[in-house]
Amino acid sequence: MISDYNRKEKMNLYIFKTNIASEKKGQLFLNLLPHYFKINKIKFHLEGVNGIFSIKANSLATAKVENTISNFGYSCTHQK
C-alpha cells in the first residue's frame, strides 16, 4: 500500500470500478500510478465480481486515471 500520512492537506477519496482482477496486476498499478499522479494512498479491493480501487489525493484528474488504466488494456470508470 502506498501512503503518506504526514500531509496536513484535506484529502479527497476517489473510487474507481475496474476489471483488474489479480493481485499481481493490482500491485503493478499500486507501483505505477504514483509516477503519473500526485497520490497519497491507493487501495485495491479485488474481491467479488467487480474490482474496485480507491485513491486518496488532494485533487485528481479522474479522466486521466481512466485513460492511463485504459492504455494498459484495462477498463476503469470513476464512480461519482
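Residues numbered from 1 in each chain as written. Predicted model: local features only at pLDDT ≥ 70, side-chain atom pairs only at ≥ 80, totals over all residues. Heavy atoms only, no water.

Would you mind showing me how to read the overall build of the chain here?
Tallying secondary structure elements over the chain gives two helices and five strands in all. Sequence-ordered secondary structure for the chain, helices as α and strands as β, is β-β-α-β-β-α-β. Every one of the 80 residues in the chain was classed for burial, and the buried ones make up 34%. The contacts of the chain with a sequence gap of at least 6 include a subset with a gap of at least 24, amounting to 66%. (Helix = DSSP H or I, 4+ residues; strand = E, 2+ residues; numbered from the N terminus. Buried < 20%, exposed > 50% of the residue type's maximum accessible area, 1.4 Å probe, protein only. Contact = heavy atoms within 4.5 Å.)

How should helix 1 (residues 23-36) be read in this particular structure?
In an α-helix, one turn spans 3.6 residues, which is why side chains three or four residues apart end up on the same side. Look at helix 1: 20 Å from first C-alpha to last across 14 residues, which is about the 20 Å you get at 1.5 Å a residue. Along helix 1, the residues that are buried comprise G26, F29, L30, L32 and L33. (Expected span 1.5 Å × (residues − 1).)

Just to check I follow, could you spell out the environment of E47 for this structure?
Relative to the helices and strands, E47 resides in the loop between strand 3 (41-45) and strand 4 (51-57). Residues E47 and S22, spaced 25 residues apart in sequence, show a C-alpha to C-alpha distance of 9.5 Å.

Before we go on, may I ask you to explain the packing of aromatic side chains in this structure?
Any aromatic ring pair is given by two values, namely how distant the centres are and how the planes are angled relative to each other. What the rule picks out here adds up to five aromatic pairs. Centre to centre, the rings of F29 and F72 are 5.7 Å apart; their planes meet at 90 degrees, and the pair counts as edge-to-face. Residue F29 is found in helix 1, and its partner F72 is found in the loop between helix 2 (62-71) and strand 5 (76-79); the two are separated by 43 residues along the sequence. With a relative accessible area of 0%, F29 lands in the buried category. Where F44 meets F53, the ring centres are 4.9 Å apart and the plane angle is 20 degrees; that geometry is what we call stacked. The class of F44 is buried, set by a relative accessible area of 15%. Among the aromatic residues, those joined into a cluster by ring pairs are F16, F44 and F53. (Phe/Tyr/Trp six-rings, centres within 6.5 Å; stacked < 30°, edge-to-face > 60°.)

Explanation requested: the pairing of strand 2 (residues 12-18) in the structure shown.
Each regular strand displays side chains that alternate between the two surfaces of the sheet. Pairing of strand 2 with strand 4, which is carried by seven bridges, proceeds in the antiparallel orientation. Residue pairing in the sheet places Y14 in a bridge with I55 of strand 4. For strand 2 and strand 5, the ladder comprises four bridges, and the chain directions are antiparallel. What sits directly across from K17, in strand 5, is T77. (Pairing = 2+ DSSP bridges.)

Whenever I open this one, the nonpolar core confuses me. Can you help?
Within soluble globular proteins, side chains that are nonpolar tend to cluster in buried spots. Grouped together as the largest cluster of nonpolar side chains are 19 residues, with contacts concentrated most on L33, F53, I55 and V65. Sorting the residues of this core by element identifies strand 2, helix 1, strand 3, strand 4 and helix 2 as the ones contributing at least two each. Sort the elements by how many residues they give to this core and helix 1 lands first, with four residues. (Core = buried A, V, L, I, M, F, W, Y, C linked by side-chain atoms within 4.5 Å.)

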